[in-house]
Structure formats: C-alpha cells, structure tokens
Amino acid sequence: MVRRRKNAGESPEETDTEKESRNRMRSEEGFSHYEQIRDQRIKENKERLQKLGLFDLSLKLKKPKTSPQKKSPRPKKTTQNALTPSMPPRRSSRIQSLGPIKYYEGREKRDSSKNLEICIPKGTNPEVYTKKHEKLLGDCKMEWELYIDGYDDDGNRLYDPIKGQTCHQCRQKTLGLHTYCGKCELPQGEICGDCLYMRYGENVLEANENRQWICPACRGICNCSRCRRANGWMPTGNLYSKVSELGFKSVAHYLIQTYRSKDRLQAPAIEETDSQ
Ligand SMILES: [Zn+2]
Ligand SMILES: [Zn+2]
Ligand SMILES: [Zn+2]
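Model, not experiment: these values are computed from the prediction.

**Describing the overall build of the protein chain**
The number of helices and strands found in the protein chain is 12 helices and two strands. Along the protein chain, helices (α) and strands (β) appear in the sequence α-α-α-α-α-α-β-β-α-α-α-α-α-α when read from the amino end. Counting every position in the protein chain, which comprises 276 residues, the buried fraction comes to 22%. A separation threshold of at least 6 residues defines the contact pool for the protein chain, and within that pool the share at least 24 residues apart is 70%.

**Let's talk about unusual backbone geometry**
Of note, the phi angle at arginine 171 is positive, near 65°, even though the residue is not glycine. Checked against the element boundaries, arginine 171 lands in the loop between β1 (165-166) and β2 (173-174).

**Some thoughts on helix α7 (residues 193-200)**
Most of α7 sits inside the fold, with eight of its eight residues counted as buried. Among the residues of α7, Gly193, Asp194, Cys195, Leu196, Tyr197, Met198, Arg199 and Tyr200 are the ones counted as buried. Structurally, α7 contributes buried residues whose contacts are with α8 (204-209), α9 (216-219), α11 (240-245) and α12 (251-259). Positive phi appears at glycine 201, one or two residues downstream of α7, with a value of about 70°.

**Points about the environment of cysteine 227**
With respect to the helices and strands, the residue cysteine 227 is situated in helix α10 (residues 225-230). Overall, cysteine 227 belongs to the partly exposed group, with 18 C-beta atoms counted inside 10 Å. Each C-alpha atom of the pair cysteine 227 and alanine 217 lies 7.6 Å from the other, and the pair is 10 residues apart in sequence. Contacts of cysteine 227, omitting those with residues within four sequence positions, involve Ala217 and Cys222.

**Digging into the environment of valine 204**
Turning to its location among the elements, valine 204 is positioned in helix α8. For valine 204, a count of 24 C-beta atoms within 10 Å puts it in the buried group. On a C-alpha basis, the gap between valine 204 and cysteine 140 in space is 9.0 Å, while along the polypeptide they are 64 residues apart. Leaving out residues up to four positions away in the same chain, valine 204 has contacts with Trp144, Leu177, Thr179, Gly193 and Leu196.

**Re the environment of tryptophan 233**
Looking at where tryptophan 233 falls in the secondary structure, it is placed in the loop between α10 and α11. Between the C-alpha atom of tryptophan 233 and that of threonine 124, which follows or precedes it by 109 residues, the distance is 6.4 Å. Not counting the four nearest positions on each side in its chain, tryptophan 233 is found in contact with Gly123, Asn125, Glu127 and Arg228.

**Structural notes on the nonpolar core**
Soluble globular proteins tend to bury their nonpolar side chains together. Formed by 27 residues in total, the largest nonpolar core has its most connected members in Ile191, Cys195, Leu196, Val251 and Ala252. Not counting residues within four places of it along the chain, the set of residues in contact with leucine 196 comprises Thr179, Ile191, Glu202, Val204 and Ala207.

**Quick word on α12**
Every buried residue of α12 is accounted for by Val251, Ala252, His253, Tyr254, Leu255 and Ile256. Where α12 is buried, its residues meet α6 (131-136), α7, α9 and α11.

**What about the confidence of the model for the protein chain?**
For the protein chain, mean pLDDT is 74; residues scoring 70 or higher make up 55% of the total. Throughout residues 1-12 the model reports pLDDT below 50, and contacts reaching past four residues in sequence, or to other chains, amount to one contact.

Cut-off values and rules
Per chain, residue numbering runs from 1 following the sequence as it is written. Labels follow written order: the first chain is A, the first ligand is 1, and so on. Predicted model: local features are reported for residues with pLDDT of at least 70 only, side-chain atom pairs are reported and counted for 80 or more only, and whole-chain, interface and lining totals are derived from all residues. Numbering of helices and strands runs from the N terminus; a helix is a DSSP stretch of H or I covering at least four residues, while a strand is a stretch of E covering at least two. Burial in this document is a count-based property: other C-beta atoms within 10 Å of a residue's C-beta are tallied, and the residue is buried at 20 or more, exposed at 12 or fewer, or partly exposed in between, with C-beta positions derived from the backbone. By definition, residues are in contact whenever their C-beta atoms, placed on the basis of the backbone, come within 7 Å of each other. As used throughout, a nonpolar core is a set of buried Ala, Val, Leu, Ile, Met, Phe, Trp, Tyr and Cys residues joined through C-beta atoms within 7 Å of each other. pLDDT is a per-residue confidence score from the predictor, ranging from 0 to 100.

Right, here's the structure in full:
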C-alpha cells in the first residue's frame, strides 16, 4: 500500500538512484528557484537603490537649479549695474569719460572722416546773421553725454508713440529728456537732449533747471529743417561731427559764427538731409 502510494506519482521503473537524483534535482531546482528569487530581490534592491541614487542625484541636480536661481539675481544685478551707471551716474558725472558705446563710437568714426568740407545747399534767401543772433547762442556748464539718454544699452533710440515726446529738431518721438520753452510753451520748444547739445551747444538738464529758458525757435536761431526752409534756407543735414571737429560748439555756433562774416560764405554743393 505504502509503496503504491509512494509510486503513485512515480514511474514504476524508477530506481532508488534515479529517485535520489530526481530528489536532488528537485532540491536543486528549489535552490535555483530560491536563488532566482534572491537574485531578483537583489536586482530589485539594486534598482531601488539606483532609483534612490537617482532621486538623490535629482535632488543634487535640483539644488544647483535652485542655487542658480538664487544666484540669478547676480546677473540681474550686473544688468542693473549696467543700467544704473548708464542712466543717472552717467548724467551726474558726464564729464568723466565712460565706457565706450558702439553706436556713439561708430558715429564718431564714420563722421570724423578726413573730409571736413561742409556743403549746405543754397536756399532761396541768403543766410545772414547779426551780432544779435550770436548773442542768442546758448552755452552749457556741463557737457552732455550723447547717445545715452533716450537710448537702450545697445545704443538704440527708445521710440515710444505714447510716452515719447516729439523733438522739434529731429522730429522723433522718443523717451528721454526734452526741453520746455517758458515763452511759447509749445511743442516747438521741446527738443531732445542730444539735439539740444549737438545743434545748439546747450545741456537739457541746465535748460530744464531754468524756467526762463527760451527755445531756439523763439530766439530766432532754430536750425531745424522746417525753420530753415521757412527762412528760405536749405536743411543742413548732420553736421555736428564735422563742426565739432572744426572747433565749433554746435551747429548753431558754426552757422551763426561762420555766416556772420559774408566773406566766409561758402558756395555750397548739394547735400540735403531732411532729418535735421
Ligand atoms: Zn531731437
Ligand atoms: Zn519757444
Ligand atoms: Zn525749428
């Protein structure tokens, strides 16, 4: 009975040796199965560790991300620093020569060519000035740093159709300081800082401090294209670089001081720019 039961699941021909080896195989199978499970667990643990490791790494990676975010104010500060000296410090200490601005340099280099000949097309009326005109020429105590006020850091003019003010001289609606005429109180008295300095040798900061300041149009010395045409004169075009190189304080100084003497009247060639 016992044997039958024993042999119930076994082949009747199975010997003891075979039985042993089969049992060994079973145990080996069992062992190998255990090993497989063990290996699997190790593998899983490794994976888990790796995941943990990755998690740690991700934490580490997140930290630098957060620290640059904390550090990000540094570049912001540098841009702020770049902005800050470009605006008020430059204004306050404009006598000091500050970092070169590409736009400014480019203009200077281009305009300060060897050819300093000034050619203004002849208008319908003779351009004559008197001592009275010369007395009306302005001046400034402080130099005005060109191409900064009303420009961005890249030297581009800040045009603004809403907040901007239209300059009587260059006709551009830009941000930045503009003059205000205490006499006419009209838009013709609004001149941007660069135009005021280049065309009249005056500083907009000083002009705005003086409530009695009178615009060039009211003084009768405006050299903008419109006013010149109204006088029967042709627009001068961009002359500042040339006249400043020739030693004149501004375009107005050049025109009045030069044209005052009839002997020095030039026979102008054709060169017309309507911008100024
Ligand atoms: Zn202007
Ligand atoms: Zn005015
Ligand atoms: Zn004018």
